[in-house]
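So you can see what is in the structure, the chains are spelled out below.
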Amino acid sequence: MKRLIALVLTAAMLMTCVSAFADGTAKFWLDKLGEPELAEKIVTAWNGATGMTIELSNYVDVASYQTAVSQSIDSDAAPDFFTWWSGEQLESLMASGKIMALDDLWETIIGMGVAPDVKNAFTYDGHAYAVPYSLLYNVCLYNVDAFAKAGITEMPTTFDEFLADCQKLVDAGITPIGIKNDSWASFIWFQAIVAAYDPALYQGICDGSIAYTDEKMVEVMNIWKDMLDKGYFADPVYYADNFKRFALGEVAIMIEPQTAVADMYRDYGMEAEVNISAFCLPSMSGAKPAVFFEAAPIAIPAKVADADNAKTALAGYFSKEVQTVTAAEEGIILIAGIESDNGTISKITALANDPANTSMLRFYENTPSALRDVALDELSKFMYGEQDAATCLANIQVKADETFAK
């Protein structure tokens, strides 16, 4: 991941307009640089393309980086661009007025092929204050050979078809869904099933407009419980073990981002669209299927010396030339129309950009952290069979009342 982030950041400015910083210097700050030698190659190309000098300042320690940004953001020492974190940490900067609104830049990059729904992850009080420098799209990955063994030849287009496929897998001696036992991972299938029931219900529990104890949420939890009772979920295991059993065909489906596709090829030789492929979990109601994304932002300080040039530079990040580089190196594609050498990664990107689907910020970033942490614990107890659905939802709602009352 560090290599990915280093690449994305350094590649971001590769194709900026030559006139933007002609004979000048642009400063980029980050805390995620993994391989300096790779970054050096990208920066050399970047400097050659723009005729400018790019100064990258990488902070090894996250706390030191946060301090440096916080202390400089209102001064002339601030960088031209800097990476940050989505969710509450970005919201704090947006609310403070310390970073610049980028609505006009969003008009540009949507026209260049960035999915419009992604803008919501960076929006506060009606304005967007950052653009993505990496997006991880979480969809259902499936083992093609396991599906074939179970006689599944077509991907499900309704939730009932998905459940029927799960039963076919069970009948064939294959556990349908593999999950990991990370303490934070209990939300993964929770968010998927809630959004499959109703995307508006998912957003409502995230923003506090719908209670966790709503009758629709009770129905969702009953659906999840029924799937657990029927053996559709494997026992949670360490994520590397989950990948291994997926490769072996012991489990057939897992929700993971596109980077997992590259991992499965590198570690287990699973070839894209031969041994592994992807689909969106279908809706229960005919609504658009959800593609959950993890978003990391690039922001511009509000007091940047030359806002127009900064925006021009950031627009260059979403050019086909830069996105072709990131696609080839890491499989991270932010715009439609870019093809990866990996057919499954290209498929996932197409799913994320397909207007027939809806992109939604994942629960982990879309819910206030204090509430999220309580929800993760309660959902884990439910998933492990230690707590019933009603108690789980009631306990989460107690924290939701406290959180959204503030």
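Residues numbered from 1 in each chain as written. Predicted model: local features only at pLDDT ≥ 70, side-chain atom pairs only at ≥ 80, totals over all residues. Heavy atoms only, no water.

Chemist: How should I be thinking about the nonpolar core in this particular structure?
Modeler: Soluble globular proteins: nonpolar side chains tend toward being buried together. Counting 72 residues, the largest nonpolar core has Phe82, Ile99, Val131 and Leu141 as the members making the most contacts within it. If you tally residues by element for this core, the top one is strand β6 (residues 131–143), at seven residues. Each residue touching isoleucine 99, except ones within four places of it in the same chain, is listed here: Ile73, Phe82, Leu90, Leu93, Met94, Tyr129, Ala299, Ile300, Pro301 and Ala302. By size, the runner-up hydrophobic cluster in this structure holds 58 residues, among which are Phe159, Leu201, Tyr212 and Val220. (Core = buried A, V, L, I, M, F, W, Y, C linked by side-chain atoms within 4.5 Å. Buried < 20%, exposed > 50% of the residue type's maximum accessible area, 1.4 Å probe, protein only. Helix = DSSP H or I, 4+ residues; strand = E, 2+ residues; numbered from the N terminus. Contact = heavy atoms within 4.5 Å.)

Chemist: What is the right way to read helix α18 (residues 389–404) from this model?
Modeler: In an α-helix there are 3.6 residues to a turn, and that puts residues three or four apart on one side. Given a rise of 1.5 Å per residue, 16 residues ought to cover 22 Å, and the 22 Å separating the end C-alpha atoms of α18 matches this to within 8%. Every buried residue belonging to α18 is among Ala389, Cys392, Leu393, Ile396, Gln397, Lys399, Ala400 and Thr403, and all of these are buried. Contacts made by the buried residues of α18 are with α10 (215–229) and α17 (369–383). (Expected span 1.5 Å × (residues − 1).)

Chemist: Help me understand the side chain of threonine 403, please; the structure alone is not making it clear to me.
Modeler: Looking at the element boundaries, threonine 403 is found in helix α18. Residues in contact with threonine 403, not counting those within four places in the same chain, are Pro368 and Leu371.

Chemist: What am I meant to see in the pattern of salt bridges here?
Modeler: Pairing between side chains of opposite charge can happen when the charged atoms of each approach one another. Counted by the stated rule, this structure contains 15 salt bridges. Among the ionic pairs, aspartate 104 bridges to lysine 311, the shortest N-O distance being 3.0 Å. Residue aspartate 104 is found in helix α5 (residues 103–111), and its partner lysine 311 is found in helix α13 (residues 307–317); the two are separated by 207 residues along the sequence. Arginine 266 is paired through a salt bridge with aspartate 267; the nearest N and O atoms lie 3.1 Å apart. We classify aspartate 267 as partly exposed; its relative accessible area is 45%. Through salt bridges that share partners, Asp263, Arg266 and Asp267 make up one connected network. (Salt bridge = Lys/Arg side-chain N within 4 Å of Asp/Glu carboxyl O.)

Chemist: Help me understand the packing of aromatic side chains, please; the structure alone is not making it clear to me.
Modeler: Describing an aromatic ring pair means giving the distance of the ring centres and the angle of the ring planes. Using the criterion set out here, one finds 24 aromatic pairs in the structure. Taking the centre distance of 6.4 Å and the plane angle of 35 degrees together, the rings of tryptophan 106 and phenylalanine 122 count as tilted. Pair noted here: tryptophan 106 is in helix α5 and phenylalanine 122 is in the loop between α5 and β4 (123–124), with a separation of 16 residues, a long-range link. For the pair tryptophan 106 and phenylalanine 122, one class covers both residues: buried. Seen from their ring centres, tyrosine 239 and phenylalanine 243 are 5.9 Å apart, and the 85 degrees between their planes marks the pair as edge-to-face. (Phe/Tyr/Trp six-rings, centres within 6.5 Å; stacked < 30°, edge-to-face > 60°.)

Chemist: How do you make sense of unusual backbone geometry when you look at a structure like this?
Modeler: What is expected of a backbone is that most residues other than glycine have negative phi and most peptide bonds are trans. Positive phi outside glycine occurs at aspartate 125, with the angle close to 50 degrees. Mapped onto the elements, aspartate 125 comes out in the loop between β4 and β5 (127–128). You will see that glutamate 273, though not glycine, has its phi angle at about 60 degrees, which is positive.

Chemist: Looking at this model, I keep getting lost on the packing of α5 against α13. Mind explaining?
Modeler: Angle between the axes and distance between the axes: these two values describe a pair of packed helices. It is the contact of α5 with α13, at a shortest axis distance of 10 Å, that shows an interaxial angle of 25 degrees. In terms of orientation, α5 and α13 fall into the roughly parallel class. Pair α5 / α13 crosses with right-handed handedness. Facing Asp104, Leu105, Thr108 and Ile109 of α5, the residues of α13 in contact are Lys311, Leu314 and Ala315. (Axes fitted to C-alpha atoms, helices over the stretch in contact; angles between N-to-C directions. Parallel < 35°, antiparallel > 145°, perpendicular 65-115°, else oblique. Left-handed = near helix turned anticlockwise from the far one by under 90°.)

Chemist: Would you explain helix α3 (residues 62–72) in this entry?
Modeler: Those residues of α3 that sit buried are Tyr65, Ala68, Val69 and Ser72. In an axial view of α3, the angular spread of the buried residues amounts to 95 degrees, which keeps them on one side of the axis. Elements in contact with the buried residues of α3: β1 (25–30) and β3 (81–83). For α3, the side-chain oxygen to backbone nitrogen distance between the N-cap and alanine 63 is 3.2 Å, and the N-cap itself is aspartate 61. (Arc of directions from axis to C-beta. Polar contact = N/O pair within 3.5 Å; in protein donor to acceptor, adjacent residues only side chain to side chain.)

Chemist: How should the pairing of strand β9 (residues 276–279) be read in this particular structure?
Modeler: Two faces belong to every sheet, and in a regular strand the side chains alternate between them. Along β9, one buried face is formed by Ile276 and Ala278 and the opposite face, lined by Ser277 and Phe279, is buried too. As paired strands, β6 and β9 are joined by four bridges and run antiparallel to one another. Across the sheet, tyrosine 142 pairs through a bridge with serine 277, a residue of β9. (Pairing = 2+ DSSP bridges.)

Chemist: What is the right way to look at the state of the cysteines in this model?
Modeler: Any covalent bond linking the sulfur atoms of two cysteines counts as a disulfide. Throughout the structure, instances matching the rule amount to zero disulfides. The thiol of cysteine 166 is not disulfide-bonded; the next cysteine sulfur, from cysteine 140, is found 8.9 Å away. Classification of cysteine 166 by relative accessible area gives buried; the value is 0%. (Disulfide = S-S within 2.5 Å.)

Chemist: What should I look at first to understand the environment of serine 359 in this one?
Modeler: Along the polypeptide, serine 359 turns up in strand β11 (residues 358–361). Separated by 238 residues in the primary sequence, serine 359 and alanine 121 have C-alpha atoms spaced 10.0 Å apart. The residues contacting serine 359, other than those within four sequence positions of it, are Ala115, Asp117, Val291, Phe293 and Ala352. There is a polar contact of 3.3 Å between the side chain of serine 359 and the backbone oxygen of alanine 352.

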